[in-house]
Amino acid sequence: MLVFLRLALRRLAMLPVMVLGVTLLVFVVLQFSPADPAYNALGDGASEQARQAFAAANGLDDPLPVRYVRFLGDLLHGDLGLTVPPSAPVADRIATAFPLTLQLTLLGLAIAVVLALALGLTGALYRDRWPDQLTRVLSISGVAIPSFWLGIVLIQELALNRSILPTGGYVNPADSLGGWLETMILPAVSLAIPVAAGLARLVRTSMVAELDRDYVRTATGNGLPRSVVIRGVLRNALVTPLTVLGLRVGYLLSGAVVIETIFDLPGMGKLILEGVTGGDVALVQGTVLTIAVVFLAVNVLVDLLVLLVNPRVRTV
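All values derive from a computational prediction rather than experimental measurement.

1. Here we look at the overall build of the protein
Across its full length, the protein holds 13 helices and zero strands. Seen along its three principal axes, the alpha-carbon backbone of the protein occupies a region of about 85 × 55 × 35 Å. In the protein, buried positions account for 40% of the 316 residues. Pairs at least 24 apart in sequence give 72% of the contacts found in the protein among residues at least 6 apart. Element-wise, carbon and sulfur atoms account for 68% of the exposed surface of the protein, whose accessible area totals about 16600 Å². Across the protein, the centroid of the 22 positively charged side chains sits 19 Å from that of the 21 negatively charged ones.

2. Observations concerning the pattern of salt bridges
Here the structure, examined in full by the defined rule, presents eight salt bridges. For R93, the salt bridge identified is with E274, shortest N-O distance 2.9 Å. Placement of R93 in helix α5 (residues 90-125) and of E274 in helix α12 (residues 268-277) is noted, with a sequence separation of 181 residues between them. Put simply, R162 and E157 hold a salt bridge, and the shortest N to O gap is 2.9 Å.

3. Observations concerning the UniProt feature "transmembrane region" (unreviewed entry) in the protein
Under the present numbering, the feature "transmembrane region" (unreviewed entry) in UniProt falls on residues 12-32, 106-126, 138-160, 180-203, 245-263 and 283-309. Helix makes up 90% of residues 12-32 and strand makes up 0%, while its end C-alpha atoms are separated by 32 Å.

4. Considering the packing of aromatic side chains
Overall, the coordinates contain two aromatic pairs when judged by the stated rule. Consider the rings of F27 and Y68, whose centres lie 5.5 Å apart with planes at 55°: the pair is tilted. One end of the pair, F27, is in helix α1 (residues 2-30); the other, Y68, is in helix α4 (residues 64-76), and 41 residues separate them in sequence. With relative accessibility at 12%, the residue Y68 sits in the buried group. Pairwise contacts between aromatic rings join F27, Y68 and F71 into one cluster.

5. Thoughts on a nonpolar patch on the surface
Taken together, the side chains of F148, W149, I152 and V258 make up a nonpolar region of the molecular surface, amounting to roughly 400 Å² of accessible area. Per element, the largest residue contribution to the nonpolar patch is three residues, and it comes from helix α7 (residues 147-161). Relative to the assigned elements, F148 resides in helix α7. Overall, the relative accessible area of 45% leaves F148 in the partly exposed class.

6. Quick notes on the nonpolar core
Considering soluble globular proteins, one finds that nonpolar side chains tend to be buried as a cluster. Counting residues in each nonpolar core, the largest one holds 48 residues, and the members touching the most others are I94, L104 and M268. For this core, the secondary structure elements donating two or more residues are α5, α7, α8 (177-211), α11 (239-262), α12 and α13 (281-309). Dropping the residues within four chain positions of it, M268 is found in contact with I94, A97, F98, T101, E260, T287, T290 and I291. Core analysis: the second largest hydrophobic core is formed by twelve residues, V208, I230, V233 and A237 among them.

7. Some points on α8
Spanning 35 residues, α8 covers only 41 Å between terminal C-alpha atoms, well under the ideal 51 Å at 1.5 Å per step. Along α8, the sharpest kink reaches roughly 40°, centred on M184 and followed within four residues by the proline P187.

8. Some remarks on α7
Here α7 contains 15 residues, and its C-alpha end-to-end distance of 20 Å stays within 8% of the 21 Å for a straight helix at 1.5 Å per residue. I155 marks where α7 bends most, by close to 30°. Those residues of α7 that fall on the buried side of the exposure criterion are S147, L150, G151, L154, I155 and A159. Looking one or two places after α7, you find S163, whose phi comes out positive at around 55°.

9. Structural notes on the packing of helix α10 (residues 226-237) against α11
Two elements in contact, α10 and α11, have axes separated by 5 Å at closest approach and are oriented at 40°. In terms of orientation, α10 and α11 fall into the oblique class. Contact with α10, carried on its side by R235, N236 and A237, involves V239, T240 and P241 of α11 and no other residues of that element. Of the residues assigned to the contact of α10 with α11, the class counts are three nonpolar, two polar and one charged.

10. Section: unusual backbone geometry
At D128, a residue that is not glycine, the phi angle is positive and equals roughly 65°. Within the element layout of this structure, D128 appears in the loop between α5 and α6 (130-144). A relative accessible area of 55% places D128 in the exposed class. For D264, which is not glycine, the phi dihedral falls at a positive 55°. Along the chain, D264 turns up in the loop between α11 and α12. By relative accessible area, which is 55% here, D264 ends up exposed.

Rules used throughout
Residues numbered from 1 in each chain as written. Predicted model: local features only at pLDDT ≥ 70, side-chain atom pairs only at ≥ 80, totals over all residues. Heavy atoms only, no water. Helix = DSSP H or I, 4+ residues; strand = E, 2+ residues; numbered from the N terminus. Buried < 20%, exposed > 50% of the residue type's maximum accessible area, 1.4 Å probe, protein only. Contact = heavy atoms within 4.5 Å. Areas by Shrake-Rupley, 256 points an atom, 1.4 Å probe, with all protein chains shown as cover. Lys, Arg positive; Asp, Glu negative; His and termini not counted. Charge placed at Lys NZ, Arg CZ, Asp CG, Glu CD. Salt bridge = Lys/Arg side-chain N within 4 Å of Asp/Glu carboxyl O. UniProt positions renumbered as here; feature names shortened; annotations may be inferred. Phe/Tyr/Trp six-rings, centres within 6.5 Å; stacked < 30°, edge-to-face > 60°. Patch = residues over 30% accessible without salt bridge, like charges linked within 9 Å, V, L, I, M, F, W, Y side chains within 5 Å. Core = buried A, V, L, I, M, F, W, Y, C linked by side-chain atoms within 4.5 Å. Expected span 1.5 Å × (residues − 1). Bend = angle between axes of the 7 residues up to and from the residue. Axes fitted to C-alpha atoms, helices over the stretch in contact; angles between N-to-C directions. Parallel < 35°, antiparallel > 145°, perpendicular 65-115°, else oblique. Nonpolar A, V, L, I, M, F, W, Y, C, P; charged D, E, K, R; others polar.

Structure follows, in structure tokens:
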């Protein structure tokens, strides 16, 4: 337990450093945006004199390090800036949109994990037999399918042709849990299928490798029930899939940006699209930074779960 706590504290201590690096990268990259914050705030018809006065008043012409330090100071106070007129705090816009993206990501993640375990365990337990061959075909097909294309196909088949589910929109779960599920299931499945397919191959490979180890043969030879043996094998076999799962969360978050646009969901994807098309640097900067920080936090959490699940990786 002491080793686990020491390693956990070490992982957590690295999180602020990684977040600082992300803020620097996002800030510097967006400084090369062709959009001018002064003209965004004043309007395209503003004179050059008005632009210069606005830039001087808001420190837009200060050296890059000075602006970055000021940006960090505002960030520590929860200030991500203002959107282009009509002005609104970026933090408020994100606070409204992020819960939807989080709901979509978590639902997609849950579906992906269930499908990956079902396919991966089936393939491993029926190795080289027809169920294994079937899961291989399904996994390869799933990896090859882009989420946005799958989303369009699902809308066409299940929403337009058969009217089973809505084509898009969003219902708050507090208003109707059934309505929320109806609006979220298609985008969540669109996100989950490629992730589930890739994870299924990892689960199958890891399970096969563990099943061939000596301790499994010893446990089986000693008469332990197969269900008990499989549970022990699964715990060891999930280390690699768990690690990769943390990276796949980043795919789910980034994929949600496109999927939300296809299904007309008012999440972070809509904010990014609005910021890019409107030249709103503060809005793009805030949304990208939020997604990146969440991605880092999830990966640290996954590292802690790996340490907790498998004591063999607790090396100093």
